[in-house]
Amino acid sequence: MTAVTLARATDAKQLPQGEPLPPPILAGGRAAPDAALVELDVTGLCKAYHGGPAVLDGVSLQVPRGQSVALIGSNGAGKSTLLRCCLRLIEPSGGEVTLLGEKVRALDKARLRRLRAEIGFVFQRHNLVGQLSVLSNVIHGAQSRQAGPGAWFHFLASRAAREEAMHCLERVGLAEFALRRADQLSGGQSQRVAIARTLMQRPRMMFADEPVASLDPNAGEEVMNLFAELIREKGLTLVFTSHHINHALRYADRVVALRNGRIELDVATAGVDAAALRGIYD
Amino acid sequence: MTETAFSGASAGLPTRPAPARFRRPGNGMSLLYLGAAAFFVYSLHGSEISVESLVNGLPNMARLIGEMFPPSIARLQSVGSAMLQTFQMAFAGTVIGVLLSVPLAICAARSLSPHPVLYHISRALIALFRTVPDLVWALFFVVTVGLGPFAGMLTLVVDAIGFCGRFFAEAMEETDKGPQEALTALGARRSGVVFSAVLPAAMPSMINSSLFTLEKATRASVVLGLVGAGGIGIELKVAMDLFQYDQAATIILGVFLLVLVVERLSSMLRQRILRQSV
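Remember, it's a predicted structure, so these values are computed and weren't measured experimentally.

Rules behind the numbers
Residues numbered from 1 in each chain as written. Chains lettered and ligands numbered in written order. Predicted model: local features only at pLDDT ≥ 70, side-chain atom pairs only at ≥ 80, totals over all residues. Heavy atoms only, no water. Buried < 20%, exposed > 50% of the residue type's maximum accessible area, 1.4 Å probe, protein only. 1 Å grid on protein atoms, 1.4 Å probe; cavity = no way out; pocket = protein on both sides within 12 Å on 5 of 7 lines; lining within 4 Å. Points joined across faces, edges and corners; volume = space filled by probe spheres on them. Nonpolar A, V, L, I, M, F, W, Y, C, P; charged D, E, K, R; others polar. Helix = DSSP H or I, 4+ residues; strand = E, 2+ residues; numbered from the N terminus. Polar contact = N/O pair within 3.5 Å; in protein donor to acceptor, adjacent residues only side chain to side chain. Contact = heavy atoms within 4.5 Å. Patch = residues over 30% accessible without salt bridge, like charges linked within 9 Å, V, L, I, M, F, W, Y side chains within 5 Å. Areas by Shrake-Rupley, 256 points an atom, 1.4 Å probe, with all protein chains shown as cover. Salt bridge = Lys/Arg side-chain N within 4 Å of Asp/Glu carboxyl O. Buried area = accessible area lost by both parts, 1.4 Å probe. pLDDT = per-residue confidence, 0-100. Pairing = 2+ DSSP bridges. Axes fitted to C-alpha atoms, helices over the stretch in contact; angles between N-to-C directions. Core = buried A, V, L, I, M, F, W, Y, C linked by side-chain atoms within 4.5 Å. UniProt positions renumbered as here; feature names shortened; annotations may be inferred.

## Structural notes on unusual backbone geometry
Link 1 in the chain: Cis geometry is adopted by the peptide bond preceding P70 of chain B, which originates at F69 of chain B and carries an omega value of -5 degrees.
Link 2 in the chain: With a phi close to 55 degrees, R88 of chain A is a non-glycine residue in the positive phi region.
Link 3 in the chain: Phi at N260 of chain A takes a positive value of approximately 50 degrees, unusual for a residue other than glycine.
Link 4 in the chain: Look at N260 of chain A and you get exposed, because its relative accessible area is 60%.

What follows is the structure, encoded as structure tokens:
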């Protein structure tokens with residue numbers, strides 16, 4: 001079963017097939033998405049702020065385990081809102097989200113926290129605590145499974161937590177920066193620390209909201225390659241938003257394009273023409 | 001190419017004229033400015049400003065200053081001991097006040113308060129502590145716990161809570177919401193978000209407020225002695241009442257040095273702390 005056939009949006013269009021691209025980076029070296037195990041199921045999701053126009057207008061989407069999905073679309077198309085609604089960082093106005101088998105809108109606070117703990121979320125602005133050390137920021141990832149001061153600052157953390165955090169930092173190549181203040185890092189380094197924080201979380205699935213939008217092209221490539229490598233290594237499901245068509249085609253198995261809060265098209269990346277995808281920004 | 005584009009733009013006239021440098025205030029604002037100016041003139045009248053009194057007072061000022069010098073060192077030991085007690089009141093009052101301000105400020109920060117009722121109670125408490133002058137609190141504590149430095153310290157605790165509670169809450173509310181969202185997204189509890197993201201981000205501002213409170217408390221603790229709440233103030237009052245202006249000069253110089261040292265030390269400490277990370 002291809003990713004395209006999984007799309008449920010009735011108004012999603014098929015793109016004309018252009019010159020075939022090489023297979024996405026993430027597809028190589030890992031098992032094909034398991035369509036029987038849908039990890040994210042969004043049905044008729046709606047969101048409007050304070051009675052304003054709909055930011056999301058009946059979005060429906062299924063993401064099977066192991067798939068990598070790129071959400072593209074112009075500013076204000078609803079990409080970030082969609083990701084945030086899936087974790088109820090923003091409360092949806094209507095529709096249903098089932099994430100890792102849990103109906104998100106029905107969860108109480110404690111169960112919602114436990115569900116969020118399973119999802120790594122990488123933000124555009126990295127969202128590190130600048131006044132704290134890099135190591136403390138990575139240890140924050142342990143708050144997904146541990147309450148209390150042991151996961152607040154590195155000097156209060158257990159030896160095991162500190163060692164795991166150092167391992168995560170080594171994995172993103174920043175172990176030597178462990179005690180540096182997070183606000184003294186470059187943009188690319190900050191984003192790698194944010195990725196290390198999600199590794200510390202031991203997630204089952206990853207969301208990323210324009211993870212390289214604030215980075216220069218080289219740093220952006222580095223971060224995306226690292227991110228893709230980690231996702232492939234852990235066999236995680238990934239949903240990310242991006243304005244980079246090339247990133248969508250290189251790092252995703254499937255591209256979902258949003259326009260005015262609706263899914264405009266939903267296609268597998270294999271064989272899709274980049275120029276045709278750019279049409280979504282017209 | 002860019003140069004051509006710029007030079008082309010600068011050569012031609014813009015299609016829209018540049019906006020005026022200043023906006024003419026509306027009728028309402030003009031009336032408000034006029035009213036403020038009129039009230040200022042009225043306030044000068046209410047303050048009974050008199051150039052004649054000022055000129056006539058100049059010789060008295062010169063005489064008083066003349067009598068103050070040279071400062072007397074006759075009671076240096078008791079003045080030094082009262083000075084130490086003044087600083088002890090200020091330091092203890094500030095530390096206890098700052099520590100109590102943290103939980104109160106969390107409750108008084110709209111985005112962090114556990115419950116709206118708690119938010120309003122905390123805000124009201126902080127407003128009460130801040131708006132009632134410290135001399136009134138000193139009188140209250142002198143009457144309730146008796147004369148002495150303990151009443152002064154309690155006054156400074158209340159003063160510190162009123163000041164720090166408000167500024168801590170505002171610093172917490174103004175912190176970047178990004179890290180808080182990141183921690184919420186990874187399943188952190190509210191306490192985790194507050195201690196891991198909000199407090200570290202608000203810390204530079206909180207340290208500034210705390211050190212400023214210490215400076216303020218040091219100055220205030222001098223005055224508190226005037227109403228019997230301990231410290232150097234009572235020594236100053238006695239010296240002035242007995243026309244021992246040379247001894248009063250010693251006390252004033254001591255207070256000046258104490259406040260100066262506290263300000264310099266707190267400034268150095270501030271720079272050092274703000275550069276560190278945890």
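## Section: empty space enclosed by the protein
Link 1 in the chain: Using the criterion set out here, one finds 3 cavities of 30 Å³ or more in the structure.
Link 2 in the chain: The computed volume of the largest cavity comes to approximately 50 Å³.
Link 3 in the chain: Forming the boundary of the largest cavity are F121, F123, R197, T198 and Q201 of chain A together with A182, A185 and L186 of chain B.
Link 4 in the chain: Looking at the lining of the largest cavity residue by residue, the class counts come to 5 nonpolar, 2 polar and 1 charged.

## With respect to the side chain of R88 of chain A
Residues and elements named next belong to chain A.
Link 1 in the chain: By secondary structure assignment, the location of R88 is in the loop between α2 (79-86) and β4 (94-99).
Link 2 in the chain: For R88, a relative accessible area of 15% corresponds to the buried category.
Link 3 in the chain: For R88, the side chain forms a polar contact with the side chain of E91, separated by 2.9 Å.
Link 4 in the chain: The contacts of R88, once residues within four sequence positions are left out, are V104, R105, A106, L107, L112 and R116.

## Notes on a nonpolar patch on the surface
Residues and elements named next belong to chain B.
Link 1 in the chain: Nonpolar side chains collect at one region of the surface, where I65, F69, L253, F256, L257 and L260 lie side by side and expose about 590 Å² of accessible area between them.
Link 2 in the chain: Here the nonpolar patch takes 4 residues from helix α11 (residues 245-275), the largest share from any one element.
Link 3 in the chain: The residue I65 is located in helix α3 (residues 51-68) in this model.

## A look at the interface of chain B and chain A
Link 1 in the chain: Facing the 26 residues of chain B at the interface are 32 residues of chain A.
Link 2 in the chain: Interface area, chain B with chain A, both sides summed: about 2,300 Å², of which 58% is carbon and sulfur.
Link 3 in the chain: Run the count over chain B and chain A and you get 2 salt bridges.
Link 4 in the chain: With a closest N to O distance of 3.2 Å, R125 of chain A and D176 of chain B form a salt bridge.
Link 5 in the chain: Linking chain B with chain A are 4 residue pairs in polar contact (both at pLDDT 80 or more), by the criterion used here.
Link 6 in the chain: Broken down by secondary-structure element, the contributors of at least two residues to the side of chain B that touches chain A are α8 (177-185), α9 (190-224) and α11 of chain B.
Link 7 in the chain: Ranked by residues supplied to the side of chain B that touches chain A, first place goes to α9 of chain B with 9 residues.
Link 8 in the chain: Here the residues of the side of chain B that touches chain A are counted per class, giving 14 nonpolar, 8 polar and 4 charged.

## Here's the deal with the confidence of the model for chain A
Residues and elements named next belong to chain A.
Link 1 in the chain: On average, residues of chain A score 86 in pLDDT, and 87% of them reach the 70 mark or higher.
Link 2 in the chain: Of all the helices and strands in chain A, helix α1 (residues 3-6) carries the lowest mean pLDDT, 39, while helix α4 (residues 134-139) carries the highest, 96.
Link 3 in the chain: Here residues 1-22 is modelled with pLDDT under 50, and outside its nearest four sequence neighbours on either side it reaches 51 contacts, counting other chains as well.

## Digging into the sheet that holds strand β6 (residues 119-122) of chain A
Residue and element names in this part refer to chain A.
Link 1 in the chain: Spatial strand order, β6-β7-β8-β3-β9-β10: 6 strands in an open sheet with mixed pairing. A single partner strand is all that each edge strand has here, and the edge strands are β6 and β10 (262-268). Mean inter-strand twist for the sheet, computed between neighbouring axes without regard to direction, equals 15 degrees.
Link 2 in the chain: Both strand β3 (residues 68-72) and strand β9 (residues 254-259) contribute to a ladder of 4 bridges, which runs parallel. Paired with V69 across the bridge in β9 is R254.
Link 3 in the chain: Packed on one face of the sheet, helix α6 (residues 187-200) meets β6 and β7 (205-209) and runs near 170 degrees to β6.

## A few points about the nonpolar core
Link 1 in the chain: L169 and V172 of chain A are the most contacted members of the largest nonpolar core, which has 55 residues in total.
Link 2 in the chain: No other element matches helix α7 (residues 217-234) of chain A, which puts 8 residues into this core.
Link 3 in the chain: Contacts of L169 of chain A, omitting those with residues within four sequence positions, involve V134, L135, V138, L174, A175, A178 and A196 of chain A.
Link 4 in the chain: Residues W152 and F153 of chain A together with A108 and L156 of chain B belong to the second largest nonpolar core, which totals 47 residues.

## Considering the pairing of β3 of chain A
Residue and element names in this part refer to chain A.
Link 1 in the chain: With 5 of its 5 residues buried, β3 lies for the most part within the structure.
Link 2 in the chain: A two-sided burial pattern is seen for β3, the buried positions comprising S68, A70 and I72 on one face and V69 and L71 on the other.
Link 3 in the chain: Here β3 pairs with strand β8 (residues 237-241) via 4 bridges, running parallel. Within β8, the position partnered with A70 by the bridge is F240.

## Points about the UniProt feature "transmembrane region" (unreviewed entry) in chain B
Residue and element names in this part refer to chain B.
Link 1 in the chain: Per the UniProt annotation, the sites labelled "transmembrane region" (unreviewed entry) are residues 31-51, 89-112, 217-236 and 248-266.
Link 2 in the chain: End C-alpha to end C-alpha, residues 217-236 measures 17 Å, and it is 60% helix and 0% strand.
Link 3 in the chain: Secondary structure content for residues 248-266 is 100% helix and 0% strand, while the C-alpha to C-alpha distance between its ends is 27 Å.

## A look at the UniProt feature "domain: ABC transmembrane type-1" (unreviewed entry) in chain B
Link 1 in the chain: Here the UniProt-annotated "domain: ABC transmembrane type-1" (unreviewed entry) positions come out as residues 83-266 of chain B.
Link 2 in the chain: Within residues 83-266 of chain B, the helical portion is 84% and the strand portion 0%, while the C-alpha atoms at the span's ends are 18 Å from each other.

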